[in-house]
Amino acid sequence: MAERSFAKEVQKLKQGDGETFSGEGILAITKALLENGVGYVGGYQGSPISHLMDVLADAQEILGELGVRFEASASEATATAMLAASVHYPIRGAVTYKSVVGTNVASDALSNLASGGVTGGALIIVGEDYGEGSSIMQERTYAFAMKSQVWMLDPRPNLPSIVAAVGNGFELSEASNTPVMLQMGIRSCHVHGSFAASDNRRPDMTVSQALESPRRDLERIVLPPATYLHEAEKLTKRKPAAERFILERGLNERFGQPSGKVGLIIQGGTYNTVIRALNRLGLADLYGDTDLDILCLNCVYPLVESQIIDFCEDKEAVLIVEEGQPNYIEQQIGHMLYKAGKRVTLEGKGMLPMGGEYTGQVMLHGLGDFLTAYAPGLMPAAAVTKNEAPAPIPDLSDVLPARPPGFCTGCPERPIFAATKLVEQELGEHHISSDIGCHLFSIMPPFDLGATTMGYGLGPASAAAFHNEDPHGRRSISFVGDGGFWHNGLTSSVGNAVFNKSDNVIVIVDNFYAAATGGQDILSSRADNKTKQTQNSIVEACQGMGVKWIRQIDRTYDVTKVRDTLKEALTTQVAGPKVIVASSECMLNRQRREKPLLAKATKEGKRTVRPRFGVDEDICTGDHACMRLSGCPSLSVKDTGDPLRDDPVAAIDQTCVGCGNCGEVADAAVLCPSFYQADIVSNPTPREGRKARRTQKIIDWLQRRRDAKRVVFA
């Protein structure tokens, strides 16, 4: 069950010539794929491109009508290998994944695909996850384009440019027999706008037709001696063909007045931020009209040397606007100018930060510094003054409290780590290897668990070196999510542990979905999926890999059971890896599924029950150990107003979803009996109504009696 449904939006994909298509960037990409006769699409989800996979999944009926095959790939490597359908056949294919983790996983397949080259257009739509909002390591996809010699487009962040880039990408791929990457930053993925739609096109050859007419070209198979020919072909045929296409089609755009003595060479994806900064400096209007000479690289690799030299001719200084490190584009342009004997001053990193996201404020100061140094006559006096003394950026860590990422209210993973803390209180601290996914939040307070994270599905693998020679000694604990398990963990982590006779403990956190990427279904999802086979057992998969000691926990909120099972795994003398599959449905997805049904039933007058938990403040001691072992956002503190009580008591607010974790933790840790459960009943039966009224009368009488006694004592 995906985080968001695009069932209504995808109906726009049926629009044709003469209609105006409006919507989000990711929806525009899907429309552009259909307009350009794509034959198959696939990919793996990950921000900022997850919603593109959700759009494709919701559009399967429309894709099917056009003869387009859709695959939800097992990994980014699977997605890239899928493009093999375009190697021998004139079929256009597109896949999508998140960078840079996605390109890391896809690297092997990408190298092989790029070596042999393609016949049909092969487009890789990469969600570039760089900057302050990123959840991954700060690296660039650009290195993969250079390494494998595949071309990279980085269109201006507006719908017409993005749609044009999809068509140009397919044609560039076919013209140069090379896969093409389409880099989409978060702003491009979610930008809203409109463009003139065209009719959707059936693929010239469908994958079904290809199966009926098999083809094979030995020169495209990656095996010596063909591989040596592939390298030569890249240099002598493919790259020159790509450069010709870039020039003839005008993929890169030039804005402003060419006669200027200074200029900007910018990545297409930074265009909007650059124009906004120039607007704030008084050098461009809101529509982008400017006198400053700008070369906008909608194709950032390869760079066409003749185009770069021509732009820099008669210029005194040029600023390269290239987000991220290393400065690949600046290095290439510097080398081109040096070889051509040009004396133009090249600026880039230095005027602009070496790394980090180029936000509006960063761009404003960088452009201001460059123009003040090399073209002060262009700068309005007010802008120069303002830029010379930029206001210092305050250190918000001194002003605002830290807001570390944490588990959602009711998350079924929280009790797993509460149980782990309880085990460590008894057995001592253990080396814990974490993994990519929601469970990685366990490294933050209040759990403070986990020492490493090395990649998606590689939690247990990152503990592979640890082996205690004492069979009664301490073991490591590693975590892997169900998404990571199927993505890479089954072989690289579990299989590896079995093969090497690991004695460590592996906890597989099963929340029924690829929850961290938006709640997409995976192999072990419990829900029925009409286009995918779900409900495949993680336990059986592990047993098939040779795991002998394995335990299934079907309700992770049972903290006592999780604690006891984990303790057993850490102390048993059974040889080989110890695997615990801890299963409970992701609370976000459960709420998305159950809330509409509950609301509908309540509206129809049916009896419904919602559990809520609370804390009896007369019993709570104010110890707050429950919070240290839970960390639920709905669990807070409350001042009782009693002058004889120094510490505030625990309190549960209205965001509680009734998971019961706080009470379970209190019970498992033998903390206190102050937690209670109350059921909120809508449309009660007559008997329940009478009982509730009687109960309320008794409570009111007891409260009046207590208040009267207080008055007497006062």
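Residues numbered from 1 in each chain as written. Predicted model: local features only at pLDDT ≥ 70, side-chain atom pairs only at ≥ 80, totals over all residues. Heavy atoms only, no water.

### Topic: the overall build of the protein chain
The test is simple: Numbering of helices and strands runs from the N terminus, with a helix taken as a DSSP run of H or I at least four residues long and a strand as a DSSP run of E at least two residues long. Only protein chains enter the accessibility calculation, which uses a 1.4 Å probe; a residue is then buried when its area is under 20% of its type maximum, exposed when over 50%, and partly exposed in between. Whether two residues touch is decided by their heavy atoms; if any such pair falls within 4.5 Å, the residues are in contact. Accessible areas in this description were obtained via Shrake-Rupley with a 1.4 Å probe; residue shielding takes into account the shown protein chains only.
The helix and strand inventory of the protein chain stands at 24 helices and 23 strands. Out of the 714 residues in the protein chain, the part that is buried amounts to 51%. Counted over contacts in the protein chain with a minimum sequence separation of 6, partners at least 24 positions apart contribute 77%. Surface exposure of the protein chain reaches about 33,400 Å², of which carbon and sulfur atoms provide 53%.

### Points about the packing of helix H6 (residues 101–116) against helix H11 (residues 226–249)
Condition: Between N-to-C directions, angles cover 0 to 180 degrees, with each direction set by a line fitted to C-alpha atoms, over the stretch in contact for helices. Here the word oblique covers every angle except those under 35 degrees (roughly parallel), over 145 (roughly antiparallel) and from 65 to 115 (roughly perpendicular). Polarity classes work like this: nonpolar for Ala, Val, Leu, Ile, Met, Phe, Trp, Tyr, Cys and Pro, charged for Asp, Glu, Lys and Arg, and polar for all others, with Gly in that last group.
Put simply, H6 and H11 touch, their axes get as near as 8 Å, and they point 70° apart. On the basis of the axis angle, H6 is roughly perpendicular to H11. Between H6, through Ala-114, Ser-115 and Gly-116, and H11, the contact on the second element is made entirely by Thr-227, His-230, Lys-234 and Arg-238. Of the residues contributing to the contact of H6 with H11, the split by class is one nonpolar, four polar and two charged.

### Considerations on the sheet that holds strand S7 (residues 180–185)
Rules: DSSP-based pairing: two strands are paired if at least 2 bridges between them are found.
An order of S3-S2-S4-S5-S7-S6-S12 is seen for the seven strands of this open sheet, with the pairing classed as mixed. Only two strands of the sheet have a single neighbouring strand rather than two, namely strand S3 (69–72) and strand S12 (299–301). Going across the sheet, the axis of each strand differs from the next one's by a mean of 20°, ignoring polarity. In terms of strand pairing, strand S2 (residues 38–43) meets S3 through four bridges, oriented parallel. Bridge pairing in S3 places Gly-43 opposite Ala-72.

### Focus on a nonpolar patch on the surface
Basically, it comes down to this: Candidates for patches are residues over 30% relative accessible area with no salt bridge; among them, like charges are joined within 9 Å and nonpolar side chains (Val, Leu, Ile, Met, Phe, Trp, Tyr) within 5 Å. Counted as salt bridges are all cases of a side-chain nitrogen of Lys or Arg within 4 Å of a carboxyl oxygen of Asp or Glu.
Together, Leu-218, Ile-221 and Leu-223 make up a nonpolar patch on the protein surface, roughly 290 Å² of accessible area in all. Mapping Leu-223 onto the fold places it in the loop between helix H10 (207–212) and H11.

### A closer look at the pairing of strand S18 (residues 549–553)
Operational definition: If the strands point away from the viewer and the path from the first strand over the helix to the second runs clockwise, then the crossover is right-handed.
Where S18 and strand S19 (residues 578–583) come together, five bridges link them in parallel fashion. Its bridge partner being in S19, Gln-552 is matched across the sheet by Val-581. The parallel pair S18 and S19, bridged by helix H20 (residues 559–571), forms a crossover whose chirality is right-handed.

### Some details on the nonpolar core
As a reminder, the rule being used: To form a nonpolar core, buried Ala, Val, Leu, Ile, Met, Phe, Trp, Tyr and Cys residues must be joined to one another through side-chain atoms within 4.5 Å.
Counting 94 residues, the largest nonpolar core has Leu-33, Val-41, Leu-123, Ile-125 and Ile-265 as the members making the most contacts within it. Not counting residues up to four positions away in its chain, the partners in contact with Leu-33 are Val-38, Val-41, Ala-94, Leu-123, Ile-125, Val-166 and Phe-170.

### Overview of helix H8 (residues 159–176)
Selection rule: Here a helix's expected span is defined as the number of its residues, less one, multiplied by 1.5 Å. Distance and chemistry together define a polar contact, namely a pair of N or O atoms within 3.5 Å, with one atom able to donate a hydrogen and the other to accept it when in protein, and with adjacent residues in sequence counting only for side-chain atoms on both sides.
With 18 residues, H8 should cover 26 Å at 1.5 Å per step; its first-to-last C-alpha distance of 25 Å lies within 8% of that length. The set of residues buried in H8 consists of Leu-159, Ser-161, Ile-162, Val-163, Ala-165, Val-166, Gly-167, Gly-169, Phe-170, Leu-172, Ser-173 and Ser-176. Of the residues flanking the start of H8, the one acting as N-cap is Asn-158, its side-chain oxygen 2.9 Å from the backbone nitrogen of Ser-161. One or two positions beyond H8, positive phi appears at Asn-177, with a value near 50°.

### Here we look at the packing of aromatic side chains
Keep this limit in mind: Pairing of aromatic side chains here covers Phe, Tyr and the six-membered ring of Trp, requires ring centres within 6.5 Å, and sorts the geometry by plane angle: under 30 degrees stacked, over 60 edge-to-face, intermediate tilted. We call a charge positioned above a ring when the Lys NZ or Arg CZ atom is no farther than 6 Å from the ring centre and deviates by at most 35 degrees from the ring normal.
Inspection of the entire model under this criterion finds 13 aromatic pairs. Ring plane angle 40° and centroid distance 5.2 Å describe the contact between Phe-255 and Tyr-271, whose orientation is recorded as tilted. Here Phe-255 is found in strand S9 (residues 253–255), whereas its partner Tyr-271 is found in helix H12 (residues 271–280), with 16 residues between them in sequence. Neither Phe-255 nor Tyr-271 differs from the other in exposure class; each is buried. Members of the aromatic cluster, joined through ring pairs, are Phe-407, Phe-417, Phe-441, Phe-447 and Phe-479. The lysine or arginine in question, Arg-156, covers the ring of Tyr-271, its NZ or CZ lying 4.8 Å from the ring centre. Taking the ring centre of Trp-549 as reference, the NZ or CZ of Arg-551 above it sits at 4.1 Å.

### Side note on a positive patch on the surface
To be explicit about the condition: Positive: Lys, Arg. Negative: Asp, Glu. His and the chain ends are not part of the count. Charge positions come from single atoms, namely NZ of Lys, CZ of Arg, CG of Asp or CD of Glu.
There is a patch of like positive charges on the surface, built from Arg-687, Arg-690, Lys-691, Arg-693, Arg-694 and Lys-697. Relative to the elements of secondary structure, Arg-694 occurs in helix H24 (residues 686–713).

### Some words on the sheet that holds S18
Strand order in the open sheet made by the five strands is S15-S16-S17-S19-S18, with parallel pairing throughout. Both outer strands of the open sheet, strand S15 (432–433) and S18, are each paired with one neighbouring strand and no more. Bridge count for S15 against strand S16 (residues 477–481) is two bridges, and the pairing is parallel. Pairing of Ile-432 across the sheet is with Ile-477, part of S16.

### Some words on helix H2 (residues 50–58)
Count 3.6 residues to each turn of an α-helix, and residues three or four apart come out pointing the same way. Burial analysis of H2 places seven of its nine residues in the buried class, the great majority of the element. Of all the positions in H2, only Ser-50, His-51, Leu-52, Met-53, Asp-54, Val-55 and Leu-56 are classed as buried.

### Some words on the pairing of strand S17 (residues 505–510)
Burial runs high along S17: six of the six residues are buried. Here S17 shows two buried faces, one formed by Val-505, Val-507 and Val-509 and the other by Ile-506, Ile-508 and Asp-510. As paired elements, S16 and S17 share five bridges and run parallel to each other. Opposite Ser-478, over in S17, you have Ile-506 as the bridge partner. In this view, the connection linking S16 to its parallel neighbour S17 by way of helix H18 (residues 482–499) has right-handed handedness.

### What to know about the side chain of Lys-578
The topology assignment puts Lys-578 in strand S19. A distance of 2.6 Å separates a polar atom in the side chain of Lys-578 from the backbone oxygen of Gly-576. Among all residues touching Lys-578, those that are not within four sequence positions of it are Arg-475, Asp-503, Asn-504, Val-505, Ile-506, Trp-549, Ala-569 and Thr-572.

### Quick word on the confidence of the model for the protein chain
Rules: pLDDT expresses, on a scale from 0 to 100, how confident the predictor is about each individual residue.
Summarising the model, the protein chain shows a mean pLDDT of 89, and 96% of its residues fall at 70 or more. Per-element averaging of pLDDT across the protein chain places helix H16 (residues 381–388) at the bottom with 51 and strand S6 (residues 151–153) at the top with 98. A low-confidence stretch, residues 384–390 (pLDDT under 50), is modelled with ten contacts involving residues beyond four sequence positions or located in other chains.

### Considering the pattern of salt bridges
Enumeration according to the criterion identifies 28 salt bridges in this entry. A salt bridge links Glu-71 to Arg-69, with the nearest nitrogen and oxygen atoms 2.6 Å apart. A salt bridge links Arg-475 to Asp-503; its shortest N-O distance comes to 2.9 Å. Highlighted residues: Arg-475 in the loop between S15 and S16 and Asp-503 in the loop between H18 and S17, separated in sequence by 28 residues. As far as the burial class goes, Arg-475 and Asp-503 line up, both buried. Overlapping salt bridges bring together Arg-254, Asp-293, Asp-310 and Lys-315 as one network.

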